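Residue strings, one per chain:
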Amino acid sequence: MTFVVTGGSGALGRHVVAALPGARSVSRSSGTDLVRGTGLSALRADVVVHCATSFRHEVAMARSVLAAKPAHLVYISIVGCHEVPLPYYKQKLAAERVILESGIPCTILRATQFHSLLRKMFEGASKLPLMLVPGFRFQPVDEAEVGMELASLAQAPPSGKAPEMGGPEIREAAEFARMYLAATGKTRKILTLKAPGATYRAYRAGGNLSPGREVGHRTFADYLA
């Protein structure tokens, strides 16, 4: 089989490329613009693993990939995109529907938030003496492990919606923040934030978590080390 990985030079895509024999990486820098739908000939392959993402154009990009008519499309989505009403989550859910309704054989993997997302969030929050963190739980997973799972799914028959992939531990954001501070040698007072609205309620209810699917192995502490 031949493999193409969109966003193959990104934090997730590079792990997929490394795990797939002979996989080609395509991106805007290599002449393929999925938002405008140009340079799509580069997507010609038996299997396309779609890792490129956009906060505003997720559906348009999915349609561009589908236009290449791969024999198998593997798509990375987000756990809770059907429950948490963030605009980006809504984009992911809409892209899932477009892919599932296209008639193209597909596999969709929903994963929990990446370790790097929490690190970046805590890096920004720790710039102030008082470190503000959200008052809900996370279940971070390692990008490399998600990349390996996507590569495995790409080499298997299409399965529609694959089992979700969650990180190995579910903890309050404040606990993960303390891990970050310990690993970086910073001293900050942590303040847990509460906010009104449907998005915060969905997070508080665990809409971003996948209990029972703690299949990742590398913990946040391992990642920080």
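Analysis parameters
- Residues numbered from 1 in each chain as written.
- Predicted model: local features only at pLDDT ≥ 70, side-chain atom pairs only at ≥ 80, totals over all residues.
- Heavy atoms only, no water.
- Pairing = 2+ DSSP bridges.
- Helix = DSSP H or I, 4+ residues; strand = E, 2+ residues; numbered from the N terminus.
- Contact = heavy atoms within 4.5 Å.
- Axes fitted to C-alpha atoms, helices over the stretch in contact; angles between N-to-C directions.
- Phe/Tyr/Trp six-rings, centres within 6.5 Å; stacked < 30°, edge-to-face > 60°.

Asks: Explain the sheet that holds strand β8 (residues 160-161) to me, please; I cannot follow it from the model alone.
Replies: Strand pairing in a sheet takes place through backbone hydrogen bonds and is either antiparallel or parallel in direction. Strand order across the open sheet formed by six strands is β2-β1-β3-β4-β5-β8, with parallel pairing between neighbours. Two strands in the sheet have a free side with no partner beyond their single neighbour: β2 (24-26) and β8. Bridge count between strand β1 (residues 3-6) and strand β3 (residues 47-50): four bridges; the pairing is parallel. What sits directly across from T6, in β3, is H50. Docked against the sheet, helix α2 (residues 58-67) engages β1, β3 and β4 (72-78), running at close to 170° with respect to β3. Relative to the sheet, helix α5 (residues 143-154) contacts β1, β3, β4 and β5 (106-111), its axis offset from that of β4 by approximately 150°.

Asks: What exactly am I supposed to notice about the packing of aromatic side chains here?
Replies: For any pair of aromatic rings, geometry is given as the distance between the ring centres together with the angle between the planes. According to the stated counting rule, one finds nine aromatic pairs in the structure shown. Taking the centre distance of 4.4 Å and the plane angle of 10° together, the rings of F136 and Y203 count as stacked. You can see F136 sitting in the loop between β6 (130-134) and β7 (137-138) and its partner Y203 sitting in helix α7 (residues 198-204), a full 67 residues away along the chain. Grouping aromatic residues by their ring pairs yields a cluster made of Y89, F136, F138, Y200 and Y203.

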